[in-house]
Amino acid sequence: MKIAYVQMEPLFLEPERNYSRAEELIREAADRGAELIVLPELFDTGYNFESREEVEEVAGEIPDGPTTEFLMELSRELGVFLVAGTAEKDEKGRLYNSAVVTGPIGSSYIGKYRKVHLFHRERLFFSPGDLGFRVFNTGTAKIGVMICFDWFFPESARTLALKGAEVIAHPSNLVMPYAPRAMPIRALENRVYTITANRVGEERGLRFIGKSTIASPRAEVLAMGSEDSEEVGVVDVDLSVARDKRLNDINHIFRDRRPEFYSL
Ligand code: ACM
């Protein structure tokens, strides 16, 4: 299966422009054979909000909002699965830092995830995710989703892997330098593939680090983006490696766990 990240520079509070730039990059990934394409966190709106009103201006419902509509249409037309970060407003007006999953099957809407671990000033605008960590079985792959700062908590990737994820889609807006080094270890300790789709550029003085990363269950970096350019990374992966949790002829990384010693 070919999997991909789209590394892009969203323009702040300009969703229409961001849809068209994302579309160009998604088409490039699909032309290169990608079947699962991951976009950054908040790819449609930008990240560095100053007020709740700013978020409200651009947040949409999922699935009944323009961003999900945009992703569904492209998924259907190109025959690809998409995972992309967006600001969600629910029916009660609560805001979430969410990700949408769409695909070329059924209605095209597959599901959503709401970021569990909010980073820094996100807490001023967004409610913490209340849906837990979710794995979407698309028939082709079992896709787990987490967003950016979730990586800092190994429990996020572990929970997704224990729930059966073979690939972890990780829309991001990274500002600290560590995740490109840490994600191959998340992939190794859970024997999954990980796709971190990060953004580039600067917003109100906040610089994003790029370096989108696809990592393998053997901790290999299969693709890594630059620090400052928009680009697409596409890699062919063998999901059977992620399904096999045996480390050698004796050790099995899930069956060897000793959860009775993990609680405080
Ligand atoms: C982050 O969670 N966007 C750093």
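Before any of the text, the structure's been laid out above.
Below is a summary of the structure that appears in this document. Since this is a predicted model, take the numbers as computed values, not measurements. (Residues numbered from 1 in each chain as written. Predicted model: local features only at pLDDT ≥ 70, side-chain atom pairs only at ≥ 80, totals over all residues. Heavy atoms only, no water.)

It is worth spelling out the pairing of strand β11 (residues 206–209) at this point. Sheet topology places strand β10 (residues 200–203) next to β11; four bridges connect them, and they run antiparallel. Considered in β11, the bridge of Glu 202 is made with Arg 207. Hairpin remark: β10 followed by β11, antiparallel, with two residues in the connecting loop; positive phi at Arg 204, about 50°. (Pairing = 2+ DSSP bridges. Helix = DSSP H or I, 4+ residues; strand = E, 2+ residues; numbered from the N terminus.)

A word on the pairing of strand β7 (residues 142–145). Relative to β7, strand β6 (residues 134–137) runs antiparallel, the two being bridged by four bridges. Following the sheet pairing, Arg 134 is matched in β7 by Val 145. The antiparallel hairpin formed by β6 and β7 contains four residues in its connecting segment, where Gly 139 sits at a positive phi of about 95°. Of the pairings in the sheet, the one linking β7 to strand β8 (residues 167–171) comprises three bridges and is parallel in character. Paired with Val 145 across the two strands is Ala 169, which belongs to β8. Taking the sense of rotation as the criterion, the β-α-β connection linking β7, helix α4 (residues 154–162) and β8 turns out right-handed. (Right-handed = clockwise from strand over helix to strand, strands pointing away.)

The analysis is restricted to geometry; functional conclusions fall outside its scope.
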